[in-house]
Amino acid sequence: MNRLLVENVSRHFGGVQALEDVSFIVEPGTIHGLIGPNGAGKTTLINILSGLLSPSSGRMNYRNHDLHRLAAHQVAAIGIARTFQNIRLFPHMSCLENVQAGQHVTSRRSLLPRLFHLPSARREDRDLCERAMAMLARVGLDDKVSYQSRNLSYGERRRLEIARALSLNPSLLLLDEPVAGMRQGEAMVVADLLRSLCREGMTILLIEHNMSFVMSLCSRITVLDFGRVLTTGTPAEVRACREVIEAYLGTTGEPHA
Amino acid sequence: MEHLLQFYAIYGSVINFIGINALLALSLNVTLSAGMLSLGNAAFAAVGGYTAGILSLRFGFPYVASLAGGTCAAGLVGLVIGLPVLRLKGVFLAMATLAFGEVVRLAAVNLDVTGGAEGLTGIPNVTTTWMIYLVLAAAAYFIAMLRRSRLGWGLVSMREDETAASSLGIPVTYYKAVAFVIGAMLAGLAGGMYAHLNYLITPRDYGFFIAVDLLIYNIVGGTNIWYGPILGAALLTALPEVLRGAGVTAGPIRMGINGLILLLVILFLPNGLASLFARRRSSAVKAGA
Amino acid sequence: MDLLLQQLINGLFIGSVYGLFAVGYTLVFGVLDMLNLAHAAIFTLGGLIALWLVETAGVSLWLAFPMACVAAGLLGLLLNQVAFAPLRKRSDSQFSGLISSIAMAIIFEAAALGLFGARSVRFPVGTVPTHTWQIAGITITLLQVGIVCVAASLMVILTLFIGRTRTGKAIRAVGENERAATLLGINVNGIIAFTFFVSSALGGAAGILFGLYFNNLTPDMGRSIELKGLAVIILGGMGSIPGAILGGLAFGLSEVLTVAITGTSNLRDAVAFAVLFAILLIRPSGLLGRGKTREA
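Residues numbered from 1 in each chain as written. Chains lettered and ligands numbered in written order. Predicted model: local features only at pLDDT ≥ 70, side-chain atom pairs only at ≥ 80, totals over all residues. Heavy atoms only, no water.

Undergrad: Could you give an account of the pattern of salt bridges, naming the residues involved and the relevant values?
TA: By the definition in use, this model includes 21 salt bridges over all chains. Between A:E186 and A:R159 there is a salt bridge, with its nearest N and O atoms 3.0 Å apart. Taken together, the positions of A:E186 in helix α7 (residues 184-199) and A:R159 in helix α6 (residues 154-166) put the pair 27 residues apart, joining distant regions of the chain. The two residues A:E186 and A:R159 agree in class, both being buried. Two residues, C:E109 and C:R223, come together in a salt bridge whose shortest N-O distance is 3.3 Å. Highlighted residues: C:E109 in helix α4 (residues 93-116) and C:R223 in helix α9 (residues 221-236), separated in sequence by 114 residues. (Salt bridge = Lys/Arg side-chain N within 4 Å of Asp/Glu carboxyl O. Helix = DSSP H or I, 4+ residues; strand = E, 2+ residues; numbered from the N terminus. Buried < 20%, exposed > 50% of the residue type's maximum accessible area, 1.4 Å probe, protein only.)

Undergrad: Let's hear about the environment of B:W130: which residues, and what values?
TA: On the secondary structure map, B:W130 appears in helix α5 (residues 129-148). Accessibility expressed as a relative area gives 59% for B:W130, which makes it exposed.

Undergrad: Outline the arrangement of the chains, supporting the account with residue identities and numerical values.
TA: Across the two pairs of chains in contact, the largest number of contacts is found between chains B and C. At the level of C-alpha atoms, the two units chain A and chain C stay apart, their nearest approach being 9 Å. (Contact = heavy atoms within 4.5 Å.)

Undergrad: So what's going on with the sheet that holds strand β10 (residues 228-233) of chain A? Which residues, and what values?
TA: All names here are of chain A. Here we have six strands laid out as an open sheet, ordered β6-β7-β8-β3-β9-β10, and mixed in their pairing. Strand pairing shows two members of the sheet lacking a second neighbour, β6 (80-82) and β10, which therefore form its edges. Geometrically, the sheet is characterised by an average inter-axis angle of 15° between neighbouring strands, direction not taken into account. Where β6 lies against strand β7 (residues 172-176), three bridges are found, and the strand directions are parallel. Paired with A81 across the two strands is L173, which belongs to β7. (Pairing = 2+ DSSP bridges. Axes fitted to C-alpha atoms, helices over the stretch in contact; angles between N-to-C directions.)

Undergrad: Lay out the confidence of the model for chain C with the relevant residues and their values.
TA: Residue and element names in this part refer to chain C. On average, residues of chain C score 86 in pLDDT, and 96% of them are at 70 or above. When the elements of chain C are averaged for pLDDT, helix α11 (residues 268-282) gives the smallest value, 79, and helix α3 (residues 61-84) the largest, 94. Contacts from residues 291-296, a stretch scored under 50 in pLDDT, to residues over four places away or in other chains number 13 contacts. Across the interface, the model reports ipTM at 0.92; the global pTM reads 0.90. (pLDDT = per-residue confidence, 0-100.)

And the structure:
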C-alpha cells in the first residue's frame, strides 16, 4: 500500500486536546492540502507523521510501515521527508553543505574507504556533490551554492529547506507552509516545482494558508478545525462545504474564543 | 643536528606533553563537534592510564597490549556512562560528566590497586616521542576522515540542530553514544601512553582542571577542523616555556596571559585560531568564484 | 553519640557557608541560564580582600566584611561587563558564556596569586574574639555561631528581597522571560548587572566566612568549593534559591556524616559526587528545580 493512511489519530498535551480522531487518506502521486485556522493542529499532525511526536492514540500506515511505532530518523529512512514551519536549516553550513547533510539516508560515506583514500570514496563524494548541486539548481539556488544558509533571504531559505528534504529521495514529502513569506512570483516557482515532483510520482502533503496556492495546486484537501477533520475532498467540494465556510467565516468575522 | 639534539634534550618533555595534550584535546573534539559538552575525558584518560599501567606493572603485559587494554577499558566505561548521561543537554551534560570525573578521581585515590593518592609508580618507561606523534598523526587523520564519513556529517548536523537532523534520518542518540565512546577510547589511549611516559601516574594528573584545560585547547584552537585542538594544545602547552624564554618568569603573569588568550578568542574569534587560516582560504574561494 | 552530634553541628556550620556560596551561584543561573564558573574566583578574592583590609589596612572585621563584599560585588560587575554582556546576543551564549567565565576565573586567580602570593595566609589572632561554649558535651565557638548567623541572615534578606521588592520581582521577570521583561519596561541590562553585583557580593561573603572558619586562605581555595557549589545547586535545582540553601546544608551534613560513618575523610567527596551523578540521571531538575534540562 503506497497510500498514507491516517486512522483515528489523537494527541493531547496535558489537558489540551490538539488532535481528536483524525482520519484521512493521502493517495499516492497526489498533492494533498492540509488547511485550517491557526491552532487547528496541522503542525502537530505533521510532527506526529514525521515521528517527532507520538500520537496519544490511533495508527498511521505508509508502505506497510506503522508510522506510529517509528522514531523520526526511521520515518526518514522509509522515504518520508519534511520541512519545518519555522525553517530549521543548519545555520553555519553553506547551501551545498545543507543539502549534502540531507543525503544521510541516500549515501554510504563509509569510513574505511575514506581512511584508505580508495577511488570508490572519491567517486561517491563527487557523485553526491553533483546530486546536491543538481538539487540546488532545481530549487533555483545554483548561484548561492557557497553562501551560508543564514545569509539567505526568507524565501531562499524555504527553498533550500525543500532542496535538503528532496535529497533524501523521499516518496512522500511533508511541507509545513512551503510558501509562507514568499512573494507571489517566488510562490509560483515553488508551485511549479511541486507539480513537476508530483508528475515524477512523489506524494506531497502540505500545510498552507495561501488559499489560491492550495486551491490551484492540490487535488484533495483535508480541513482541520479544533483538532478534528471537518471534511476531506476536492477543492471544489471543500469550497462548497458549509462547515468549512462557517469555520473560516468564524475566524474572519467573529473569532473563536 | 647538534642544535636539534640540544633542543630536544632541553625541551623533550615539553614536546612529549604537547603531543599527549593534543591527543587528549582531539578526543574531546569528537564529542564537541557533535555539540556535546563533555568534561569526562580526563576521567577516561585516567581509566585508560590506570588500566594500561596496571596491566604492564602487575600482569606483565607488553606495551601495545597494555595500551589496547586501556583503550578498550575507557571505551567500555564510556559506553556504560554514556547511555544514561547522553539524554542530558548543555551544561547538565557537562556537570554529569564532571561528577563522573570526580568519582573516577576519588576512586583512584581510595583504591589499593591504583596506589592511592601517591599513584602508580614504576610503570615501564617505554613511550617515546616518535610514538606519541605517530599516534597523534594517525588520530588526526582518523578524525579528519571521520568528518567526511556518514557519521561525521551526522555529528555536525546534530550540533547545528538535533530535531532537523533526526528528521533527515540521523539516529541522534545512537550517534551520540558512538561519538562518546570514540572520544573515550582516544582519551584512554592518550592516558595509557602518558602512563608509560613518566614512570608514575597520580590521581592529580586527571582532575577537573585537566578536563577544563582540554576544553580550553579546543576553544582556543577551534573545534571545527581537525588541526584546531592540536594548535590550541601546542600553543598553550608551549606558552609557559616560551614566556620563560622571553624572560617572563612570574607565575601569575603566565597564568593571566593564559586566561587573556582564552577570553580574547571566545570574544573575538568564536571559531578559534584555526579560523584565521580557514577564513583566508574561504575568502580566496569567494574571490575566485 | 556526642561525637556524632558534634559532627552534625560542624556540618551545619560548613553547610551554611556552602549554601551562601551556592545562593549567589544559582542566582546568576536563574536569571541568565548561564553558568558562571568565575564565582569561585570571586569567593577567593572576597576572602583575600577582607584579610588584606584587616591585616594591612588595619580595618576592624566589622568594617572589613561589608567593604570586601562590596569589592566582590564590583568584581562581579566587571565580570558581567567583560565576559557575559558581549556574548548575550550570540546564539551559543550558554556555551560561550561558560568559556569566558572560565577565562575570567583564570585571570582572577592569577590576580589573587600576583597580589597575595602563593602561600596560605591567615587572619591575625584576635580578629574574632575566641569564645567557646560547652553545651551537653558539645563545643561551639563564637565564630561558628557568627558564621551561621551571618550566612542565615544574608540568605533570609536575599529571599525577602527577591520575593517582596520591585527589583526582586524584576529579577524574577528577567529570569522567566527576558523579552517579556523588556516589553514590561524593565531595564534588563541593569537588572542583570545588579544580579551579578548581588551574586558576587554573596560569593565574597562566603569566601570571608570560609577563610575565618578554616583560618587558612590560599589563591586556589576557590577550586575546592567550585565543584561542591555546582553539586549543591544541582542538588537544590538550578536557579532555586531555597534549593541552594537546603542543598548547601545537605552537602555539609553529608560530608561530615560520610567521615563519621566511614571513619576516614577519603570518601567524603566521592559520596557527594556519586549522589550528584545519580540525581542528574534520575531527577535532573534537582529537588526544588524547575529548569529545563532536556528539550522535547
